[in-house]
Amino acid sequence: MEVKIEPSWKLKLKDEFEKEYFIKLSEFVRNEYKANTIYPTGSLIFNSFNLCPYEKVKAVIVGQDPYHGQGQAHGLCFSVRDGISFPPSLINIFKEIESDLKIKRPKSGNLERWASQGVLLLNATLTVRADQAGSHQKKGWEEFTDSVIRSLNEEKQNLVFFLWGAYAQKKGESIDRSRHLVLESVHPSPLSASRGFFGNKHFSRCNDYLVENGNSPINWM
C-alpha cells in the first residue's frame, strides 16, 4: 500500500507496508482521525523518519506514546514544538545533558535539531487519541516499530540505542550488544529520574562511542 514516508525508509520497510497487520492498522488509524482528535496531525505521523533518513541514523531514542495534549506531539519522541511548555521528562533530559556536558538548557524543546544530526526519535506507538494515553497501543504500531529496530540492528553497525525505562528496555532486548552500544537506565519521568537517570552520562557516552567508531558526535544543545 502507498505510505508517505522518506524514500530510504520506504525502501527498507516496503515489505511491512504490505503485511496484513499494517493494512489493518492503517484502516484503524484512518477511522480514528475521522471520528476523534488524534495526535500528531496525519502529516507528521512519520516525522521522525522524514527528518532522519535511514542512512544517516547514528543513534535511536526509544519512547512509548506521542504526547496526548493539544499542540505537543509532532512525531518525535520527547520533543515538542517551539513555544510549547517543556513536559517534565524533557525537562529532566535537559537537566542531565546540562550536568553531563555542561550545556545550558536550551530555549526550545523542539528536537528536530537532533533528528537532523542522525538521532531517530522513535515512539513505539505513532498515534494517540487526545487526552487518552495509550489509546492506540496494541493496534499494530508496536509490530511496525519493532521492524524498524530490527532492521537497524541487523543492517547497521555501531549505532547507539537509548533505552530509558522498562518499556523501552523490553522493546530493545533483542539488540545485538556486540554490534551496537545500548544505554539503559530508568525513565526520565519525575517518578523515576532520581533513581538512576540523573548521572547516567548517556549523552557523553554516546558521543565518545560515535567518535571512537569514526562518526561525528551529536550536538545535544
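Residues numbered from 1 in each chain as written. Predicted model: local features only at pLDDT ≥ 70, side-chain atom pairs only at ≥ 80, totals over all residues. Heavy atoms only, no water.

Undergrad: Help me get a handle on the pattern of salt bridges, residues and values and all.
TA: Tallying each qualifying case throughout the model produces seven salt bridges. With its nearest N and O atoms 3.2 Å apart, the salt bridge here joins Glu20 to Lys24. Taken together, the positions of Glu20 and Lys24, both in helix 2 (residues 20-35) and four residues apart, correspond to about one turn of that helix. We note a salt bridge from Glu184 to Arg177, for which the minimum N-O separation is 3.2 Å. By relative accessible area, which is 40% here, Glu184 ends up partly exposed. (Salt bridge = Lys/Arg side-chain N within 4 Å of Asp/Glu carboxyl O. Helix = DSSP H or I, 4+ residues; strand = E, 2+ residues; numbered from the N terminus. Buried < 20%, exposed > 50% of the residue type's maximum accessible area, 1.4 Å probe, protein only.)

Undergrad: Lay out helix 1 (residues 7-17) in plain terms, naming residues and giving numbers.
TA: If you check which residues of helix 1 are buried, you get Ser8, Trp9, Leu13, Glu16 and Phe17. Viewed along the axis of helix 1, the buried residues span an arc of 155 degrees, placing them on a single side of the element. Within helix 1, the exposed residues directed more than 90 degrees away from the buried face are Pro7, Leu11 and Asp15. Lining the buried residues of helix 1 we find helix 2, helix 3 (47-50), strand 3 (119-123) and helix 6 (141-155). (Arc of directions from axis to C-beta. Contact = heavy atoms within 4.5 Å.)

Undergrad: Requested: an account of the packing of helix 2 against helix 6, with residues and values cited.
TA: Packing of helix 2 against helix 6 leaves a shortest axis separation of 9 Å and a crossing angle of 125 degrees. As the angle between them shows, helix 2 and helix 6 are arranged oblique. Relative to helix 6, the crossing made by helix 2 is left-handed. Residues Tyr21, Phe22, Leu25 and Val29 of helix 2 pack against Trp141, Glu143 and Phe144 of helix 6. In terms of residue class, the contact of helix 2 with helix 6 is made up of six nonpolar, no polar and one charged. (Axes fitted to C-alpha atoms, helices over the stretch in contact; angles between N-to-C directions. Parallel < 35°, antiparallel > 145°, perpendicular 65-115°, else oblique. Left-handed = near helix turned anticlockwise from the far one by under 90°. Nonpolar A, V, L, I, M, F, W, Y, C, P; charged D, E, K, R; others polar.)

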